[in-house]
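Descriptive structure summary
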Amino acid sequence: SLCGSLGGLDGGFGDGEGTPGGTEGGAAGQDKLERPGAIEDDAIHLKRRVGLISGVALIVGTMIGSGIFVSPSGLLERTGSIGMSFVIWMACGLLSLLGALSYAELGTMNTSSGAEYAYFMDAFGAPPAFLFSWASTLVLKPSQMAIICLSFGKYAVEAFVFECEPPEIVVKMVALLAMVVILYVNCYSVNLATSVQNVFTAAKLVAVLIVVLGGAYKMIEGNTQHLMQPFKNTKYSIGNIATAFYTGLWAYDGWNNLNYVTEEIKNPSRNLPRSIVIGIPLVTICYALINISYLTVMSPMEMMTSEAVAVTFGNRVLGVMAWLMPLSVTVSTFGSANGTLFAAGRLCFAASREGHLLDILSYVHIRRYTPSPGLIFHSLIAGAMVMYGTIDSLIDFFSFTAWMFYGGAMVALIVMRHTKPNYPRPYKVPIIIPYLVLVISVYLIIGPIVDKPTIQYLYATFFILGGMVFYIPFVHYKLRIPFMDGVTVFLQMLLEVAPTSTMLE
Ligand code: ARG
(Lines give C-alpha, C1' and ligand atoms only; values in the text may rest on other atoms or scores of the structure.)
Protein backbone atom coordinates (compact mmCIF):
# COMPACT_ATOMS: atom_id res chain seq x y z
CA SER A 1 0.00 0.00 0.00
CA LEU A 2 2.98 2.29 0.40
CA CYS A 3 3.36 1.81 -3.30
CA GLY A 4 -0.26 2.72 -3.67
CA SER A 5 -0.14 5.84 -1.59
CA LEU A 6 3.10 6.89 -3.13
CA GLY A 7 1.61 5.93 -6.40
CA GLY A 8 -0.72 8.79 -5.70
CA LEU A 9 2.21 10.95 -4.89
CA ASP A 10 3.79 9.88 -8.16
CA GLY A 11 0.63 10.30 -10.11
CA GLY A 12 0.30 13.95 -9.30
CA PHE A 13 3.77 14.93 -10.29
CA GLY A 14 2.92 15.88 -13.84
CA ASP A 15 2.86 19.63 -13.32
CA GLY A 16 0.96 20.28 -16.51
CA GLU A 17 -2.03 18.12 -15.75
CA GLY A 18 -5.25 19.82 -14.80
CA THR A 19 -6.54 17.07 -12.56
CA PRO A 20 -4.20 16.36 -9.70
CA GLY A 21 -3.37 12.69 -10.05
CA GLY A 22 -3.13 12.31 -6.33
CA THR A 23 -6.83 11.58 -6.19
CA GLU A 24 -6.61 8.57 -8.39
CA GLY A 25 -3.39 7.25 -6.95
CA GLY A 26 -4.50 7.95 -3.39
CA ALA A 27 -7.79 6.24 -3.97
CA ALA A 28 -5.96 3.31 -5.46
CA GLY A 29 -3.87 3.22 -2.32
CA GLN A 30 -6.93 3.04 -0.12
CA ASP A 31 -8.45 0.51 -2.39
CA LYS A 32 -5.51 -1.72 -1.91
CA LEU A 33 -5.84 -1.56 1.83
CA GLU A 34 -9.10 -3.38 1.40
CA ARG A 35 -7.79 -5.81 -1.17
CA PRO A 36 -4.43 -6.92 0.12
CA GLY A 37 -4.21 -9.53 -2.58
CA ALA A 38 -3.93 -6.93 -5.29
CA ILE A 39 -0.84 -5.25 -3.94
CA GLU A 40 1.87 -6.76 -6.05
CA ASP A 41 0.02 -6.00 -9.23
CA ASP A 42 -0.90 -2.43 -8.43
CA ALA A 43 2.49 -1.68 -7.04
CA ILE A 44 4.04 -2.51 -10.34
CA HIS A 45 1.42 -0.84 -12.50
CA LEU A 46 1.04 2.77 -11.47
CA LYS A 47 -1.42 4.67 -13.56
CA ARG A 48 0.12 5.84 -16.81
CA ARG A 49 -1.13 9.37 -17.07
CA VAL A 50 1.81 11.57 -18.03
CA GLY A 51 1.53 12.27 -21.74
CA LEU A 52 3.76 14.35 -23.96
CA ILE A 53 2.49 17.75 -22.77
CA SER A 54 2.73 16.97 -19.08
CA GLY A 55 6.06 15.26 -19.70
CA VAL A 56 7.40 18.48 -21.17
CA ALA A 57 5.77 20.48 -18.37
CA LEU A 58 7.35 18.20 -15.80
CA ILE A 59 10.80 18.84 -17.23
CA VAL A 60 10.37 22.56 -17.82
CA GLY A 61 8.54 23.16 -14.53
CA THR A 62 11.31 21.53 -12.55
CA MET A 63 14.23 23.04 -14.39
CA ILE A 64 13.02 26.63 -14.20
CA GLY A 65 13.17 27.40 -10.51
CA SER A 66 15.49 29.76 -8.71
CA GLY A 67 18.61 29.49 -10.84
CA ILE A 68 17.86 31.83 -13.70
CA PHE A 69 16.77 34.54 -11.25
CA VAL A 70 19.80 34.16 -9.00
CA SER A 71 22.75 32.56 -10.82
CA PRO A 72 23.57 35.08 -13.58
CA SER A 73 25.52 37.27 -11.11
CA GLY A 74 27.63 34.41 -9.81
CA LEU A 75 28.28 33.07 -13.27
CA LEU A 76 29.42 36.45 -14.50
CA GLU A 77 31.70 36.85 -11.52
CA ARG A 78 33.32 33.50 -12.20
CA THR A 79 33.83 33.99 -15.93
CA GLY A 80 34.60 37.70 -15.92
CA SER A 81 32.75 38.51 -19.16
CA ILE A 82 29.24 38.39 -20.52
CA GLY A 83 30.40 36.60 -23.67
CA MET A 84 31.98 33.76 -21.74
CA SER A 85 28.96 33.61 -19.40
CA PHE A 86 26.70 33.25 -22.39
CA VAL A 87 28.85 30.49 -23.86
CA ILE A 88 28.64 28.64 -20.54
CA TRP A 89 24.87 29.13 -20.24
CA MET A 90 24.46 27.57 -23.68
CA ALA A 91 26.98 24.81 -23.00
CA CYS A 92 25.09 23.91 -19.82
CA GLY A 93 21.92 23.57 -21.89
CA LEU A 94 23.67 21.32 -24.38
CA LEU A 95 25.22 19.21 -21.63
CA SER A 96 21.83 18.81 -19.95
CA LEU A 97 20.34 17.74 -23.26
CA LEU A 98 23.07 15.16 -23.89
CA GLY A 99 22.79 13.89 -20.32
CA ALA A 100 19.03 13.65 -20.60
CA LEU A 101 19.24 11.77 -23.92
CA SER A 102 21.40 9.18 -22.21
CA TYR A 103 18.87 9.03 -19.38
CA ALA A 104 16.22 8.46 -22.03
CA GLU A 105 17.91 5.21 -22.98
CA LEU A 106 18.24 4.22 -19.32
CA GLY A 107 14.65 5.18 -18.57
CA THR A 108 13.11 3.34 -21.49
CA MET A 109 15.21 0.28 -20.76
CA ASN A 110 14.45 0.11 -17.04
CA THR A 111 11.04 1.62 -16.47
CA SER A 112 10.94 1.53 -12.69
CA SER A 113 10.84 4.78 -10.73
CA GLY A 114 13.78 6.11 -8.78
CA ALA A 115 16.06 7.03 -11.72
CA GLU A 116 19.73 6.63 -10.77
CA TYR A 117 18.81 4.34 -7.92
CA ALA A 118 17.18 1.86 -10.32
CA TYR A 119 19.97 2.08 -12.90
CA PHE A 120 22.74 1.56 -10.36
CA MET A 121 20.86 -1.44 -9.01
CA ASP A 122 20.76 -2.93 -12.53
CA ALA A 123 24.28 -2.12 -13.58
CA PHE A 124 26.35 -2.34 -10.39
CA GLY A 125 24.20 -4.06 -7.76
CA ALA A 126 23.03 -3.01 -4.33
CA PRO A 127 26.02 -1.23 -2.68
CA PRO A 128 26.37 1.64 -5.21
CA ALA A 129 22.59 2.00 -5.35
CA PHE A 130 22.58 2.24 -1.57
CA LEU A 131 25.32 4.88 -1.60
CA PHE A 132 23.23 6.88 -4.02
CA SER A 133 20.12 6.74 -1.85
CA TRP A 134 22.24 7.51 1.20
CA ALA A 135 23.81 10.60 -0.37
CA SER A 136 20.57 11.72 -1.96
CA THR A 137 18.55 11.48 1.21
CA LEU A 138 21.16 13.13 3.37
CA VAL A 139 22.79 15.61 1.01
CA LEU A 140 21.42 16.00 -2.50
CA LYS A 141 17.71 16.45 -1.97
CA PRO A 142 18.05 18.52 1.22
CA SER A 143 20.63 20.81 -0.37
CA GLN A 144 18.36 21.36 -3.39
CA MET A 145 15.61 22.24 -0.99
CA ALA A 146 17.86 24.57 1.02
CA ILE A 147 19.11 26.43 -2.05
CA ILE A 148 15.63 26.98 -3.42
CA CYS A 149 14.24 28.11 -0.06
CA LEU A 150 17.15 30.49 0.44
CA SER A 151 16.42 31.98 -2.97
CA PHE A 152 12.79 32.25 -1.96
CA GLY A 153 13.81 34.12 1.20
CA LYS A 154 16.12 36.40 -0.71
CA TYR A 155 13.41 37.47 -3.13
CA ALA A 156 10.65 37.69 -0.58
CA VAL A 157 12.78 40.05 1.53
CA GLU A 158 14.24 41.91 -1.45
CA ALA A 159 10.73 42.98 -2.34
CA PHE A 160 10.78 45.26 0.70
CA VAL A 161 14.24 46.78 0.43
CA PHE A 162 15.14 48.86 -2.59
CA GLU A 163 18.31 47.67 -4.37
CA CYS A 164 20.34 47.08 -1.25
CA GLU A 165 21.47 43.98 0.58
CA PRO A 166 18.76 42.37 2.72
CA PRO A 167 19.81 41.31 6.25
CA GLU A 168 20.95 37.69 6.14
CA ILE A 169 19.20 36.51 9.25
CA VAL A 170 15.85 37.72 7.95
CA VAL A 171 16.41 35.90 4.66
CA LYS A 172 17.19 32.70 6.55
CA MET A 173 14.15 33.00 8.75
CA VAL A 174 11.89 33.53 5.75
CA ALA A 175 13.54 30.54 4.04
CA LEU A 176 12.81 28.38 7.07
CA LEU A 177 9.26 29.60 7.21
CA ALA A 178 8.71 28.64 3.57
CA MET A 179 10.18 25.24 4.29
CA VAL A 180 7.80 24.65 7.17
CA VAL A 181 4.81 25.63 5.04
CA ILE A 182 5.91 23.32 2.22
CA LEU A 183 6.51 20.50 4.68
CA TYR A 184 3.03 21.02 6.05
CA VAL A 185 1.48 21.01 2.58
CA ASN A 186 3.24 17.77 1.67
CA CYS A 187 2.37 16.05 4.94
CA TYR A 188 -1.21 17.23 4.75
CA SER A 189 -2.19 15.61 1.51
CA VAL A 190 -0.86 14.45 -1.78
CA ASN A 191 -3.66 16.33 -3.51
CA LEU A 192 -2.79 19.64 -1.96
CA ALA A 193 0.86 19.20 -2.87
CA THR A 194 0.10 18.46 -6.50
CA SER A 195 -2.35 21.35 -6.83
CA VAL A 196 0.23 23.71 -5.39
CA GLN A 197 2.68 22.34 -7.92
CA ASN A 198 0.40 22.91 -10.89
CA VAL A 199 -0.60 26.45 -9.97
CA PHE A 200 2.93 27.51 -9.20
CA THR A 201 4.34 26.10 -12.42
CA ALA A 202 2.10 28.39 -14.42
CA ALA A 203 3.30 31.38 -12.39
CA LYS A 204 6.90 30.50 -13.19
CA LEU A 205 6.22 30.79 -16.89
CA VAL A 206 4.63 34.19 -16.37
CA ALA A 207 7.80 35.38 -14.63
CA VAL A 208 9.88 34.23 -17.58
CA LEU A 209 7.57 35.93 -20.05
CA ILE A 210 7.68 39.23 -18.14
CA VAL A 211 11.46 39.31 -18.24
CA VAL A 212 11.68 38.36 -21.91
CA LEU A 213 9.07 40.89 -23.04
CA GLY A 214 10.59 43.63 -20.87
CA GLY A 215 13.99 42.90 -22.36
CA ALA A 216 12.65 42.91 -25.90
CA TYR A 217 11.07 46.30 -25.26
CA LYS A 218 14.31 47.77 -23.92
CA MET A 219 16.19 46.27 -26.84
CA ILE A 220 13.87 47.95 -29.33
CA GLU A 221 14.47 51.20 -27.48
CA GLY A 222 18.12 50.72 -28.38
CA ASN A 223 19.64 49.67 -25.07
CA THR A 224 22.39 47.48 -26.47
CA GLN A 225 25.44 49.28 -25.06
CA HIS A 226 26.21 46.54 -22.49
CA LEU A 227 26.18 43.86 -25.16
CA MET A 228 29.19 45.32 -27.00
CA GLN A 229 32.67 43.85 -26.39
CA PRO A 230 31.27 40.61 -24.97
CA PHE A 231 34.59 38.90 -24.23
CA LYS A 232 36.35 41.75 -22.42
CA ASN A 233 37.92 40.64 -19.07
CA THR A 234 37.30 36.91 -19.59
CA LYS A 235 38.97 34.72 -16.95
CA TYR A 236 40.35 31.55 -18.51
CA SER A 237 41.22 29.44 -15.46
CA ILE A 238 40.15 25.80 -15.63
CA GLY A 239 38.74 25.77 -12.13
CA ASN A 240 36.89 29.05 -12.60
CA ILE A 241 35.20 27.65 -15.65
CA ALA A 242 34.27 24.44 -13.81
CA THR A 243 32.71 26.33 -10.91
CA ALA A 244 31.00 28.66 -13.38
CA PHE A 245 29.51 25.50 -14.88
CA TYR A 246 28.30 24.51 -11.43
CA THR A 247 26.43 27.77 -11.14
CA GLY A 248 24.88 27.41 -14.58
CA LEU A 249 24.09 23.73 -14.23
CA TRP A 250 22.14 24.42 -11.08
CA ALA A 251 19.69 26.43 -13.15
CA TYR A 252 19.33 23.48 -15.52
CA ASP A 253 19.11 20.84 -12.81
CA GLY A 254 15.99 18.76 -13.00
CA TRP A 255 16.62 17.63 -16.61
CA ASN A 256 16.46 14.06 -15.36
CA ASN A 257 13.25 14.53 -13.44
CA LEU A 258 11.00 12.69 -15.86
CA ASN A 259 13.08 9.59 -15.18
CA TYR A 260 11.69 9.51 -11.66
CA VAL A 261 8.19 8.99 -13.04
CA THR A 262 8.83 6.53 -15.86
CA GLU A 263 6.34 4.16 -14.27
CA GLU A 264 3.55 6.57 -15.15
CA ILE A 265 4.47 7.89 -18.57
CA LYS A 266 2.08 6.85 -21.31
CA ASN A 267 4.02 5.09 -24.02
CA PRO A 268 7.37 5.91 -22.40
CA SER A 269 9.54 4.70 -25.24
CA ARG A 270 8.09 7.45 -27.39
CA ASN A 271 7.16 10.16 -24.90
CA LEU A 272 10.23 10.14 -22.67
CA PRO A 273 12.73 10.94 -25.46
CA ARG A 274 10.33 13.39 -27.09
CA SER A 275 9.65 15.34 -23.90
CA ILE A 276 13.39 15.63 -23.42
CA VAL A 277 14.03 16.83 -26.95
CA ILE A 278 11.31 19.47 -26.64
CA GLY A 279 11.68 20.51 -22.99
CA ILE A 280 15.39 21.07 -22.61
CA PRO A 281 15.96 23.21 -25.73
CA LEU A 282 12.92 25.23 -24.67
CA VAL A 283 14.50 25.99 -21.31
CA THR A 284 17.81 26.77 -23.00
CA ILE A 285 16.13 29.32 -25.24
CA CYS A 286 14.31 30.92 -22.27
CA TYR A 287 17.59 31.24 -20.39
CA ALA A 288 19.38 32.77 -23.36
CA LEU A 289 16.67 35.39 -23.79
CA ILE A 290 16.49 36.18 -20.08
CA ASN A 291 20.24 36.71 -19.90
CA ILE A 292 20.11 39.14 -22.80
CA SER A 293 17.14 40.91 -21.21
CA TYR A 294 19.02 41.49 -17.98
CA LEU A 295 21.85 43.11 -19.92
CA THR A 296 19.57 45.56 -21.66
CA VAL A 297 19.02 47.38 -18.36
CA MET A 298 22.19 46.81 -16.35
CA SER A 299 25.90 46.77 -16.99
CA PRO A 300 27.89 43.59 -16.29
CA MET A 301 29.29 45.35 -13.24
CA GLU A 302 25.82 46.12 -11.90
CA MET A 303 24.74 42.58 -12.64
CA MET A 304 27.63 41.17 -10.63
CA THR A 305 26.86 43.30 -7.60
CA SER A 306 23.08 42.96 -7.76
CA GLU A 307 21.79 40.82 -4.93
CA ALA A 308 18.79 39.74 -6.94
CA VAL A 309 19.09 40.40 -10.67
CA ALA A 310 15.44 39.84 -11.45
CA VAL A 311 14.38 42.46 -8.90
CA THR A 312 16.89 44.99 -10.20
CA PHE A 313 15.49 44.26 -13.64
CA GLY A 314 11.91 44.75 -12.46
CA ASN A 315 12.74 48.02 -10.72
CA ARG A 316 14.20 49.43 -13.90
CA VAL A 317 11.71 48.14 -16.44
CA LEU A 318 8.34 47.68 -14.84
CA GLY A 319 7.90 51.03 -13.12
CA VAL A 320 4.92 50.92 -10.75
CA MET A 321 4.51 47.25 -11.53
CA ALA A 322 8.00 46.46 -10.21
CA TRP A 323 6.54 44.41 -7.36
CA LEU A 324 5.48 41.83 -9.95
CA MET A 325 9.03 40.58 -10.29
CA PRO A 326 9.85 39.55 -6.71
CA LEU A 327 6.33 38.20 -6.41
CA SER A 328 6.61 35.94 -9.45
CA VAL A 329 10.03 34.76 -8.41
CA THR A 330 8.91 33.88 -4.89
CA VAL A 331 5.96 32.03 -6.33
CA SER A 332 8.24 30.20 -8.75
CA THR A 333 10.79 29.20 -6.13
CA PHE A 334 8.07 28.15 -3.74
CA GLY A 335 6.69 25.84 -6.41
CA SER A 336 10.13 24.42 -7.12
CA ALA A 337 10.75 23.74 -3.46
CA ASN A 338 7.41 22.02 -3.21
CA GLY A 339 8.22 19.82 -6.19
CA THR A 340 11.64 19.03 -4.82
CA LEU A 341 10.33 17.87 -1.46
CA PHE A 342 7.69 15.92 -3.30
CA ALA A 343 10.33 14.10 -5.36
CA ALA A 344 12.36 13.46 -2.23
CA GLY A 345 9.44 11.45 -0.86
CA ARG A 346 9.54 9.32 -3.99
CA LEU A 347 13.21 8.62 -3.55
CA CYS A 348 12.64 7.48 0.04
CA PHE A 349 10.06 5.14 -1.35
CA ALA A 350 12.23 3.65 -4.13
CA ALA A 351 15.05 2.96 -1.69
CA SER A 352 12.89 1.67 1.13
CA ARG A 353 11.27 -0.79 -1.27
CA GLU A 354 14.67 -2.53 -1.20
CA GLY A 355 15.16 -2.14 2.55
CA HIS A 356 17.86 0.47 1.99
CA LEU A 357 16.68 3.11 4.44
CA LEU A 358 15.76 3.38 8.11
CA ASP A 359 12.42 1.64 8.56
CA ILE A 360 10.75 4.71 9.97
CA LEU A 361 11.52 6.70 6.82
CA SER A 362 9.44 4.35 4.75
CA TYR A 363 6.34 4.64 6.94
CA VAL A 364 3.28 6.58 5.89
CA HIS A 365 0.67 8.49 7.85
CA ILE A 366 -2.16 6.18 8.85
CA ARG A 367 -4.93 8.39 7.53
CA ARG A 368 -3.33 10.79 5.09
CA TYR A 369 -1.07 8.32 3.29
CA THR A 370 1.72 10.85 3.08
CA PRO A 371 5.28 9.69 3.77
CA SER A 372 5.63 12.24 6.58
CA PRO A 373 8.64 10.78 8.44
CA GLY A 374 10.78 10.91 5.31
CA LEU A 375 9.58 14.41 4.51
CA ILE A 376 10.23 15.66 8.05
CA PHE A 377 13.67 14.08 8.04
CA HIS A 378 14.58 15.77 4.74
CA SER A 379 13.33 19.10 6.01
CA LEU A 380 15.34 18.92 9.22
CA ILE A 381 18.55 18.45 7.26
CA ALA A 382 17.57 21.11 4.75
CA GLY A 383 16.80 23.46 7.65
CA ALA A 384 20.28 22.98 9.07
CA MET A 385 21.73 23.71 5.64
CA VAL A 386 19.73 26.91 5.43
CA MET A 387 21.07 28.01 8.80
CA TYR A 388 24.72 27.24 8.14
CA GLY A 389 25.11 27.57 4.38
CA THR A 390 25.01 30.19 1.67
CA ILE A 391 23.44 29.78 -1.75
CA ASP A 392 26.78 29.70 -3.54
CA SER A 393 28.53 27.28 -1.20
CA LEU A 394 25.52 24.96 -1.25
CA ILE A 395 25.39 25.01 -5.05
CA ASP A 396 29.04 23.95 -5.30
CA PHE A 397 28.52 21.24 -2.74
CA PHE A 398 25.39 20.01 -4.44
CA SER A 399 26.83 20.03 -7.96
CA PHE A 400 29.93 18.14 -6.94
CA THR A 401 27.85 15.32 -5.48
CA ALA A 402 25.20 15.39 -8.19
CA TRP A 403 27.70 15.15 -11.03
CA MET A 404 29.37 12.18 -9.42
CA PHE A 405 26.05 10.39 -9.74
CA TYR A 406 25.18 11.73 -13.19
CA GLY A 407 28.61 10.51 -14.32
CA GLY A 408 27.88 7.21 -12.57
CA ALA A 409 24.68 6.85 -14.58
CA MET A 410 26.73 7.27 -17.79
CA VAL A 411 29.02 4.48 -16.63
CA ALA A 412 25.94 2.38 -15.89
CA LEU A 413 24.71 2.93 -19.45
CA ILE A 414 28.05 2.02 -20.99
CA VAL A 415 28.46 -1.03 -18.73
CA MET A 416 24.99 -2.32 -19.55
CA ARG A 417 25.66 -2.07 -23.28
CA HIS A 418 28.23 -4.81 -22.59
CA THR A 419 26.61 -6.80 -19.78
CA LYS A 420 23.04 -6.69 -21.15
CA PRO A 421 23.53 -6.37 -24.90
CA ASN A 422 20.19 -7.98 -25.77
CA TYR A 423 18.00 -6.12 -23.31
CA PRO A 424 15.24 -4.24 -25.18
CA ARG A 425 16.27 -0.63 -25.79
CA PRO A 426 13.35 1.21 -27.39
CA TYR A 427 15.50 4.32 -27.54
CA LYS A 428 19.20 3.89 -28.15
CA VAL A 429 21.43 6.93 -27.72
CA PRO A 430 24.55 7.22 -29.93
CA ILE A 431 27.24 5.77 -27.66
CA ILE A 432 29.52 8.76 -28.12
CA ILE A 433 27.07 10.89 -26.09
CA PRO A 434 27.35 9.10 -22.74
CA TYR A 435 31.13 8.94 -23.18
CA LEU A 436 31.20 12.68 -23.76
CA VAL A 437 28.96 13.42 -20.76
CA LEU A 438 31.13 11.11 -18.66
CA VAL A 439 34.29 12.95 -19.61
CA ILE A 440 32.67 16.29 -18.81
CA SER A 441 31.38 15.04 -15.46
CA VAL A 442 34.88 13.89 -14.54
CA TYR A 443 36.11 17.35 -15.44
CA LEU A 444 33.33 18.93 -13.39
CA ILE A 445 34.20 16.79 -10.40
CA ILE A 446 37.98 17.23 -10.60
CA GLY A 447 38.26 20.79 -12.00
CA PRO A 448 37.22 22.71 -8.90
CA ILE A 449 39.36 20.49 -6.64
CA VAL A 450 42.49 21.03 -8.73
CA ASP A 451 41.83 24.74 -8.95
CA LYS A 452 41.01 25.39 -5.33
CA PRO A 453 41.32 22.30 -3.16
CA THR A 454 38.93 23.10 -0.31
CA ILE A 455 38.35 20.54 2.37
CA GLN A 456 34.59 20.37 1.68
CA TYR A 457 35.07 18.28 -1.44
CA LEU A 458 37.04 15.74 0.58
CA TYR A 459 34.34 15.70 3.24
CA ALA A 460 31.70 15.13 0.61
CA THR A 461 33.63 12.18 -0.85
CA PHE A 462 34.24 10.64 2.56
CA PHE A 463 30.65 11.18 3.42
CA ILE A 464 29.39 9.32 0.37
CA LEU A 465 31.79 6.41 0.85
CA GLY A 466 31.08 6.51 4.58
CA GLY A 467 27.64 5.19 3.73
CA MET A 468 29.30 1.77 3.50
CA VAL A 469 29.77 1.82 7.28
CA PHE A 470 26.00 1.61 7.52
CA TYR A 471 25.43 -0.57 4.49
CA ILE A 472 27.50 -3.54 5.63
CA PRO A 473 25.94 -4.17 9.05
CA PHE A 474 22.43 -2.83 8.54
CA VAL A 475 21.58 -3.67 4.97
CA HIS A 476 23.88 -6.51 4.07
CA TYR A 477 23.82 -8.36 7.42
CA LYS A 478 20.40 -6.97 8.41
CA LEU A 479 21.66 -6.17 11.91
CA ARG A 480 19.09 -4.68 14.29
CA ILE A 481 19.87 -2.44 17.26
CA PRO A 482 17.41 -3.26 20.10
CA PHE A 483 16.97 0.31 21.36
CA MET A 484 16.34 1.52 17.81
CA ASP A 485 13.12 -0.44 17.78
CA GLY A 486 11.96 1.48 20.83
CA VAL A 487 12.78 4.76 19.12
CA THR A 488 10.90 3.62 16.04
CA VAL A 489 7.81 2.74 18.06
CA PHE A 490 7.95 6.06 19.90
CA LEU A 491 8.20 8.00 16.64
CA GLN A 492 5.45 5.91 15.16
CA MET A 493 3.06 6.94 17.92
CA LEU A 494 4.19 10.54 17.88
CA LEU A 495 3.74 10.93 14.13
CA GLU A 496 0.83 8.52 13.71
CA VAL A 497 2.61 6.57 11.04
CA ALA A 498 2.83 2.88 10.31
CA PRO A 499 4.69 0.53 8.05
CA THR A 500 2.42 -0.22 5.13
CA SER A 501 2.69 -3.95 5.64
CA THR A 502 0.92 -3.73 9.03
CA MET A 503 -1.72 -1.45 7.57
CA LEU A 504 -2.86 -4.34 5.46
CA GLU A 505 -3.54 -6.71 8.30
N1 ARG B 1 16.92 24.15 -11.64
C2 ARG B 1 16.18 24.47 -10.48
C3 ARG B 1 16.43 25.89 -10.08
O4 ARG B 1 17.01 26.63 -10.83
C5 ARG B 1 16.49 23.57 -9.32
C6 ARG B 1 16.02 22.19 -9.50
C7 ARG B 1 16.34 21.34 -8.33
N8 ARG B 1 16.48 20.02 -8.76
C9 ARG B 1 15.54 19.12 -8.67
N10 ARG B 1 15.77 17.97 -9.20
N11 ARG B 1 14.41 19.36 -8.04
O12 ARG B 1 16.04 26.31 -9.00
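Structure report, in brief. None of the values given here were measured: they were computed from a predicted structure. (Residues numbered from 1 in each chain as written. Predicted model: local features only at pLDDT ≥ 70, side-chain atom pairs only at ≥ 80, totals over all residues. Heavy atoms only, no water.)

A word on the pattern of salt bridges
Any two side chains of opposite charge can pair, so long as their charged atoms come close to each other. Filter applied, for reference: Salt bridges are counted wherever a side-chain nitrogen of Lys or Arg sits within 4 Å of a carboxyl oxygen of Asp or Glu. In this scheme, a residue with accessible area under 20% of its type's maximum is buried, one over 50% is exposed, and one in between is partly exposed, where area comes from a 1.4 Å probe on protein chains only.
With the rule as written, the count across this model stands at five salt bridges. One salt bridge in this structure joins Lys 218 and Glu 221, with 3.6 Å as the shortest N-O distance. Its relative accessible area of 17% is what places Lys 218 among the buried residues. Between Glu 302 and Arg 316 there is a salt bridge, and its shortest N-O distance comes to 3.1 Å.

Notes on the packing of helix α5 (residues 67-79) against helix α6 (residues 82-109)
Just so we agree on the cut-off: Only the contacting stretch of a helix is used when fitting its axis, a line to C-alpha atoms as for every element, and angles between N-to-C directions run 0 to 180 degrees. The secondary structure listing takes helices from DSSP runs of H or I that are at least 4 residues long and strands from runs of E that are at least 2 residues long, numbered from the N terminus. Any angle between 65 and 115 degrees counts as roughly perpendicular, while under 35 counts as roughly parallel, over 145 as roughly antiparallel, and the rest as oblique. If you view the pair so one helix is near and one far, a crossing is left-handed when the near helix is turned anticlockwise from the far one by less than a right angle, and right-handed when it is turned clockwise. The contact criterion used is simple: two residues touch if any of their non-hydrogen atoms lie within 4.5 Å.
Taken N-terminus to C-terminus, the directions of α5 and α6 make an angle of 125 degrees; their axes are 9 Å apart at the nearest point. The orientation of α5 relative to α6 falls into the category oblique. At the point where α5 passes α6, the crossing takes the right-handed sense. For the pair α5 and α6, the contacting residues are Ile 68, Ser 71, Pro 72, Leu 75, Leu 76 and Thr 79 in the first and Ile 82, Met 84, Ser 85, Ile 88 and Trp 89 in the second.

Re empty space enclosed by the protein
Stated formally: Each cavity reported here is a set of points on a 1 Å grid over the protein atoms alone in which a 1.4 Å probe fits but cannot get out, each pocket an open set with protein on both sides within 12 Å along at least five of seven lines, and each lining residue one with an atom within 4 Å of a point. Grid points are joined across faces, edges and corners, and a volume is the space filled by probe spheres set on the points.
Tallied over the entire structure, the rule returns two cavities of 30 Å³ or more. Considered as a void within the structure, the largest cavity measures approximately 330 Å³ in volume. Secondary-structure elements contributing two or more residues to the lining of the largest cavity are α4 (52-63), α8 (126-158), α11 (238-252), α15 (324-353) and α17 (391-419). With six residues, α8 is the single largest residue contributor to the lining of the largest cavity.

Focus: the layout of surface pockets
Our working definition: Residues are grouped as follows: Ala, Val, Leu, Ile, Met, Phe, Trp, Tyr, Cys and Pro are nonpolar; Asp, Glu, Lys and Arg are charged; every other residue, Gly included, is polar.
Within this model, the second largest pocket holds a volume of roughly 580 Å³. The wall of the second largest pocket is formed by 23 residues, among which Lys 154, Glu 307, Thr 390, Ile 391 and Asp 392 lie closest to the centre. Those elements giving two or more residues to the lining of the second largest pocket turn out to be α5, α8, α9 (168-188) and α17. The dominant element in the lining of the second largest pocket, judged by the number of residues it contributes, is α5, at six residues. Its residues assigned to classes, the lining of the second largest pocket shows eight nonpolar, seven polar and eight charged.

A few points about the site of the ligand
What counts, and what does not: In this text, near means that some heavy atom of the residue lies within 4 Å of the molecule or strand in question. Two N or O atoms form a polar contact when they lie within 3.5 Å of each other; inside protein one atom must be a possible hydrogen donor and the other a possible acceptor, and for residues adjacent in sequence the pair counts only when both atoms belong to side chains. Note on areas: Shrake-Rupley, 1.4 Å probe, and residue coverage restricted to the protein chains presented here. In this scheme, a molecule is assigned to a cavity or pocket if more than half of its atoms are within 2 Å of the grid points.
Near the ligand you find Thr 62, Met 63, Gly 65, Ser 66, Gly 67, Gln 144, Trp 250, Ala 251, Asp 253, Gly 254, Asn 257 and Thr 340, and these make up its full shell. Between the ligand and the protein, one listed contact pairs a nitrogen atom with a backbone N or O atom of Asp 253 at 3.0 Å. Contacts to the ligand include Thr 340, whose side-chain N or O atom sits 3.0 Å from a nitrogen atom. Burial of the ligand by the protein chains amounts to 98% of its free accessible area of 340 Å². When each cavity is represented as a set of grid points, the ligand is found to reside in the largest cavity.

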